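# Structural features, examined
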Amino acid sequence: MPSVAVTRRHDLTDGQWAVLAPLLPAAPTTGRPPKWEKRQLIDGIRWRIRIGAPWRDVPAEYAPWPTVYGLFRRWQRDGTWDKILSALQAAGDATGRIGWTVSVDSMTSRAHQHAAGARTDGHLQKEPPGGVHDEPADHALGRSRGGLTTKTHLACEQGQKVLSLIVTAGHRGDSPQFIPVLRRIRVTRLGVGRPRTCPDLVLADKAYTSRGNRRYLRSRDSAAEFVTRRWDRSDWRVAG
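This text gives an overview of the structure that appears in the document.

The rules behind these values
Residues numbered from 1 in each chain as written. Predicted model: local features only at pLDDT ≥ 70, side-chain atom pairs only at ≥ 80, totals over all residues. Heavy atoms only, no water. Helix = DSSP H or I, 4+ residues; strand = E, 2+ residues; numbered from the N terminus. Buried < 20%, exposed > 50% of the residue type's maximum accessible area, 1.4 Å probe, protein only. Contact = heavy atoms within 4.5 Å. Areas by Shrake-Rupley, 256 points an atom, 1.4 Å probe, with all protein chains shown as cover. Salt bridge = Lys/Arg side-chain N within 4 Å of Asp/Glu carboxyl O. Phe/Tyr/Trp six-rings, centres within 6.5 Å; stacked < 30°, edge-to-face > 60°. Patch = residues over 30% accessible without salt bridge, like charges linked within 9 Å, V, L, I, M, F, W, Y side chains within 5 Å. Pairing = 2+ DSSP bridges. Polar contact = N/O pair within 3.5 Å; in protein donor to acceptor, adjacent residues only side chain to side chain.

### What to know about the overall build of the protein chain
Each helix and strand in the protein chain was counted, giving six helices and seven strands. If you list the helices and strands of the protein chain from N to C, you get α-α-α-α-β-β-β-β-α-β-α-β-β. Counting all 240 residues of the protein chain, 33% fall into the buried class. The long-range share in the protein chain, meaning contacts at least 24 apart out of those at least 6 apart in sequence, stands at 56%. Surface summary for the protein chain: the accessible area is close to 15500 Å², and the carbon and sulfur share equals 52%.

### Re the pattern of salt bridges
Following the criterion strictly, the structure yields five salt bridges and no others. With its nearest N and O atoms 3.0 Å apart, the salt bridge here joins arginine 39 to aspartate 14. You can see arginine 39 sitting in helix α2 (residues 38–51) and its partner aspartate 14 sitting in helix α1 (residues 14–20), a full 25 residues away along the chain. Accessibility expressed as a relative area gives 42% for aspartate 14, which makes it partly exposed. One salt bridge in this structure joins aspartate 43 and arginine 46, with 3.7 Å as the shortest N-O distance.

### Quick word on the packing of aromatic side chains
This structure, assessed with the given rule, holds five aromatic pairs. Centroid distance phenylalanine 72 to tryptophan 81: 6.4 Å. Interplanar angle 45°. Geometry classified as tilted. With a relative accessible area of 18%, phenylalanine 72 lands in the buried category. On the accessibility criterion, tryptophan 81 (25% relative accessible area) is partly exposed.

### A few points about a nonpolar patch on the surface
A cluster of nonpolar residues, Val19, Leu23 and Leu88, forms a patch on the protein surface that exposes about 230 Å² of accessible area. Here leucine 23 is to be found in the loop between α1 and α2.

### Things to note about the pairing of strand β5 (residues 201–204)
Residues Val202 and Ala204 point to one face of β5 and are all buried, whereas Leu201 and Leu203, pointing to the other face, are not buried. Bridge count between strand β1 (residues 101–110) and β5: three bridges; the pairing is parallel. Its bridge partner lying in β5, valine 102 is registered against valine 202.

### Here's the deal with the side chain of lysine 151
Its place among the elements puts lysine 151 in strand β3 (residues 147–157). A distance of 3.2 Å separates polar atoms of two side chains, one belonging to lysine 151 and the other to aspartate 174.

### Some thoughts on the pairing of strand β4 (residues 162–169)
In the sheet, β3 pairs with β4 via seven bridges, with the strands oriented antiparallel. What sits directly across from alanine 155, in β4, is serine 164. Hairpin connection of β3 to β4: four residues between the antiparallel strands, including glutamine 160 at a positive phi of 65°.

Written as structure tokens, this is what we have:
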């Protein structure tokens with residue numbers, strides 16, 4: 001398929017689409033052909049995720065917003081996005097584009113003012129939240145000095161590719177999420193073999209230096225470096 005008629009700066013390139021297209025679910029062979037190309041819909045989804053705008057603000061050049069949202073939600077609920085990510089990670093690891101020195105850290109995000117007052121019977125909605133992965137019971141919202149916040153715990157390789165993540169309430173500590181976020185690393189292999197789950201080296205700051213975390217890494221044969229940033233110097237130093 002050639003480039004779409006309207007191309008924005010961050011839309012998929014022809015090369016990227018050539019890699020992604022074979023990983024998508026096969027199109028149905030019966031019924032009317034779809035009016036909108038999958039590439040347009042995925043570009044619309046990527047535009048919305050990158051910008052953070054409401055779904056209703058997705059530019060009409062991609063497709064009507066209910067169509068764009070419908071594809072996003074349908075693939076979220078049946079696990080298609082997870083399958084695509086798994087296939088891309090497997091291909092990246094096979095070509096050496098995933099480095100197995102993994103950094104673990106977290107970031108806190110302020111919740112929107114409308115996040116307060118979420119209904120407690122979400123399972124009774126016409127379309128319940130969640131999909132393959134259930135939404136946390138507390139909606140990953142916690143109260144701190146700044147108000148409602150959410151914390152994202154990430155494990156990333158050195159090419160800044162996310163290998164796993166966990167979302168918790170903003171007031172939750174970092175150290176208890178160290179082992180759960182590492183346990184979620186699961187990169188499948190092309191062909192035969194078990195998925196890879198163990199990093200060669202784990203980098204984390206002093207918030208994660210508990211005995212339990214160190215013991216877990218030793219049991220997995222993973223080396224660890226706990227480092228701290230000294231703001232008056234430009235280097236890193238090993239902490240204990």
